[in-house]
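Residue-level structural notes
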Amino acid sequence: MPKRSASLFSNCGAGDLGYVEAGFRFEVMAELEPDRLAVCHLNHPQADTIEGDLRETWRDVLTRLDARRRSTAESAPLALLTACPPCQGMSAARNDLGRGDDPDAGSKDERNLLVTVIADVVAESRPQFVVVENVPQFLTRKVRHPETAAAVTAARYLTDKLDALGYEAYPVVVDLADFGVPQSRRRAFTTFVRRDLPAFSVLEARGLTPYPLPRCAPDYGGERVTVAEALAGVPPLSAGSPDAARADGFGGLHAVPVWSERQFAMVDSIPPDQGGSAWENRCCEAGCENLSVGEDEATCPTCGEPLLRPVVVTDGAPRLVKGFRNSSYRRMRADAPASTVTTASGRVGSDVTLHHREPRVLSPYECQKLQTFPDSFQWGEAVRRGLGTVRTMIGEAVPPLFTGLHGRVLARLLDSPEAISDDELLPAADPRHRRAVKRL
Ligand SMILES: C[S@@+](CC[C@H](N)C(=O)[O-])C[C@H]1O[C@@H](n2cnc3c(N)ncnc32)[C@H](O)[C@@H]1O
């Protein structure tokens, strides 16, 4: 029997596909944005979908779950609730969010308090497992407690609420590259396990956590998948002209933005494969090469033309753009996992978005591959509406390769907890768990 499940903040439903593969079946999925929910429904046709702000719709989730339960002869319990609230208000990438330990700054972004909805749904539906995913700052970013106004993290608020409801929290901060995702993606997961389940006694007695082993991590003797391996065989593209910037087929997803001549020349001048950036270019617009120039120079010492670096001209004088030199206009390294696929995958201004050797950003098809979406993933009308929103949905997703591994662990913990061997699950002594517990 598939295990009854529900999903909050579902986006396009990508992450939940891994749990489906592991034997869970989503009966209800809830998401704010109609375009995302439409894609979600295409990929989870059996689910009832609930559109809108969950602060207003969370009771509808319970009503629908109840209706689904009544419509089947079998009254199986709710096995899994997945909930990935938005992370923009937590993110370390934004410097307009104030200090992470300032609860008033944290509470300014109302999205940081959306965990209250998760606690409400858990209190009424009592799932056996609850899985919450977010950026690592979820464990440390302070907000004002919605009832007491004390300074707490959203994670602490949720953990306290669910503790009182009889759940044990198992937080981890992991790089998903350690599990075979061809991308470095550090994320915090917290799996809450109901203490009356046999699975809880097994985990506690054996010193285990409800997560798979990071078999690709160097500390487990594994090897991570590199971006070059993951993208091998994908047809080349170039941002230099409209014809070269898209390939036929691939559901229209293998396409990249076309750049200006200067932007193209800047990126084309970065040596391939080694993770170099346009900030280090030693050539100029007029064609002078191998120049001896310092890292803050903006013009060619030979001819006075701007260097092929991120330059702006103010009052007639070229100067380097004030920017993030580690992450903007930078290629990925061919011999390492890709950098984190974000919602900004189509832009060059941040987030290490450049292909390891070709003159362009990655296409949505490649981003989807690095996020381990199955090739069968359905986009429906979304592609026709614009690749920008497709990139956003991909960037916010949880890689289904990881949720598939995690789902298999959760299914084993429900079906045959006693049969689990000690070398199957992440030990509680692993620093990925121990450090997350300390942060929490
Ligand atoms: C990080 S994404 C979830 C990713 C998803 N688990 C996946 O694997 O694709 C967060 C989602 O929450 C949605 N969201 C944000 N605020 C919301 C709200 N108030 N009510 C419902 N959904 C919301 C966003 O539109 C976004 O799709």
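Calculation notes
Residues numbered from 1 in each chain as written. Predicted model: local features only at pLDDT ≥ 70, side-chain atom pairs only at ≥ 80, totals over all residues. Heavy atoms only, no water. Domains from an automatic or database assignment. Near = heavy atom within 4 Å. Polar contact = N/O pair within 3.5 Å; in protein donor to acceptor, adjacent residues only side chain to side chain. Areas by Shrake-Rupley, 256 points an atom, 1.4 Å probe, with all protein chains shown as cover. Patch = residues over 30% accessible without salt bridge, like charges linked within 9 Å, V, L, I, M, F, W, Y side chains within 5 Å. Salt bridge = Lys/Arg side-chain N within 4 Å of Asp/Glu carboxyl O. Lys, Arg positive; Asp, Glu negative; His and termini not counted. Charge placed at Lys NZ, Arg CZ, Asp CG, Glu CD. Helix = DSSP H or I, 4+ residues; strand = E, 2+ residues; numbered from the N terminus. Buried < 20%, exposed > 50% of the residue type's maximum accessible area, 1.4 Å probe, protein only. Axes fitted to C-alpha atoms, helices over the stretch in contact; angles between N-to-C directions. Parallel < 35°, antiparallel > 145°, perpendicular 65-115°, else oblique. Left-handed = near helix turned anticlockwise from the far one by under 90°. Contact = heavy atoms within 4.5 Å. Nonpolar A, V, L, I, M, F, W, Y, C, P; charged D, E, K, R; others polar. Pairing = 2+ DSSP bridges.

This part takes up the domain arrangement of the chain. Taken domain by domain, the chain holds domain 1 (3-223 + 398-439) and domain 2 (278-324). The C-alpha centroid of domain 2 is placed 47 Å from the C-alpha centroid of domain 1.

Take the site of the ligand next. As a matter of local geometry, the ligand sits amid 18 residues, with N11, E31, R36, D53 and L54 nearest to it. Here an oxygen atom of the ligand and a backbone polar atom of G15 are 2.9 Å apart. Residue R36 places a side-chain N or O atom 2.7 Å away from an oxygen atom belonging to the ligand. For the ligand, whose accessible area on its own is 610 Å², the fraction buried by protein is 95%.

Okay, a positive patch on the surface next. On the surface, R186, R434, R435, K438 and R439 cluster together into a positively charged patch. The biggest single contributor to the positive patch is helix α14 (residues 431-439), with four residues. Mapped onto the fold, K438 is located in helix α14. Since its relative accessible area comes to 72%, K438 is described here as exposed.

With that settled, the discussion passes to the pattern of salt bridges. Enumeration according to the criterion identifies 30 salt bridges in this entry. Note that R25 is salt-bridged to E27, the shortest N-O span being 3.2 Å. What you see here is one network of salt bridges that share partners, running through D178, D219, R224, D430 and R432.

One can describe the packing of helix α2 (residues 34-43) onto helix α12 (residues 387-396) by two numbers: an axis separation of 11 Å at closest approach and a directional angle of 70°. Classed by the angle they form, the pair α2 and α12 counts as roughly perpendicular. Remark: the crossing between α2 and α12 carries right-handed chirality. Across the interface between the two elements, D35, R36 and V39 from α2 touch T392, M393 and E396 from α12. Of the residues in the contact of α2 with α12, the class split is two nonpolar, one polar and three charged.

So, on to the sheet that holds strand β1 (residues 3-8). Strands sit in the order β3-β2-β1-β4-β5-β9-β8 across an open sheet of seven strands; the sheet is mixed. With partners counted over all chains shown, the strands left at the sheet margins are β3 (48-51) and β8 (167-175), one partner each. Strand-to-strand, the axes of this sheet are offset by a mean angle of 15°, without reference to chain direction. Across six bridges, the pairing between β1 and strand β2 (residues 24-31) is parallel. Within the sheet, the bridge partner assigned to A6 lies in β2 and is V28. Here helix α1 (residues 14-21) sits on the sheet in contact with β1, β2, β4 (80-83) and β5 (129-134), set at roughly 165° to β2. Lying over the sheet, α14 contacts β8 and β9 (186-194), oriented at roughly 115° with respect to β8.

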